[in-house]
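Descriptive structure summary
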Amino acid sequence: MPEKEVVERARKDAEAGKSPSTQAGEFVREEIHHVREGKHGARSPKQAIAIGLSKARRAGVKLPPPRRGRSSQQTREHAARDTRKGKSRSHRMPSRRRSRAISRALRREGSSSATRRSLSRQTRTSARTRSRASRSAAAKKAVRTKGRAGLRRAARKAARTRHS
């Protein structure tokens, strides 16, 4: 169950007209924090991200399932099921036995999947699957939508992280 503040932040993002992936980012961030603080572990950064996306879909974020060729049939079906759960108003009580089994299994996993290093490796890997044009277009859109203060912040960050 996602925390109230997370759902609230995602709702604010939706009201501000931000994309579903931005809204879902709040849930993913929460999941990364859970792994870091030792609430449970994850086998890989991908698993932590997948749990966050699943929670986002179930909370009603309009995030479509991945397209064919992007992921397995099983993953797409799970995503579609999560989306349906998010749309339906009838909320049955989750199975206590299954919930406990899941959390115990996740507790057995390590927390190294949420380190800065492993997350940045995952980010680079997923960026590599995109074309240069696609990455460039995303950067140009960011410039258009960030606003003056956002651009200054980004420029400062770039100056800080640039190799001298």
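Thresholds, definitions, all that
Numbering of residues starts from 1 in each chain and follows the order in which that chain's sequence is written. Local features in a predicted model are, by the rule used here, given only for residues with pLDDT of at least 70; side-chain atom pairs are given and counted only at 80 or more, and totals for whole chains, interfaces and linings are based on all residues. Side-chain measures here rest on the full set of heavy atoms in the structure, leaving out hydrogens and waters. Note on conventions: DSSP H or I runs of at least 4 residues are helices, E runs of at least 2 residues are strands, and numbering of each starts at the N terminus. Exposure categories follow from relative accessible area, calculated using a 1.4 Å probe and restricted to protein chains: below 20% of the type maximum is buried, above 50% is exposed, and the middle band is partly exposed. Here, residues are in contact when the closest pair of their heavy atoms is within 4.5 Å. When charges are tallied, Lys and Arg are placed among the positive residues and Asp and Glu among the negative ones, while His and the ends of the chain are skipped. Taken as the charge location is NZ of Lys, CZ of Arg, CG of Asp or CD of Glu. Definition used for salt bridges: Asp or Glu carboxyl oxygen within 4 Å of a side-chain nitrogen of Lys or Arg.

A look at the overall build of the chain
A tally of regular secondary structure across the chain gives 7 helices and 0 strands. When its helices and strands are written in sequence order, the chain yields α-α-α-α-α-α-α. For the chain, the C-alpha atoms occupy an extent of roughly 55 × 35 × 35 Å along the three principal directions. Of all 164 residues assigned to the chain, the portion counted as buried reaches 23%. Sequence separation of at least 24 residues holds for 58% of the intrachain contacts in the chain that already meet a minimum separation of 6. On the chain, the mean spot of the 50 positive side-chain charges and the mean spot of the 12 negative ones are 8 Å from each other.

Focus on the pattern of salt bridges
Pairs can form between side chains of opposite charge whenever their charged atoms are close. Counted under the stated rule, the structure contains 8 salt bridges. As a salt-bridge pair, Glu8 and Arg11 come within 2.5 Å of each other at their nearest N and O atoms. Residue Glu8 and its partner Arg11 are located together in helix H1 (residues 4–15), separated by 3 residues, close to a single helical turn. On the accessibility criterion, Glu8 (33% relative accessible area) is partly exposed. Residue Arg11 is classed as partly exposed on the basis of its relative accessible area, which comes to 40%.

A few points about the environment of Ala137
In this fold, Ala137 is placed in helix H7 (residues 132–161). On the basis of relative accessibility, which here comes to 44%, the residue Ala137 falls in the partly exposed class. It is 25 Å that separates the C-alpha atoms of Ala137 and Lys46, two residues lying 91 residues apart in sequence.

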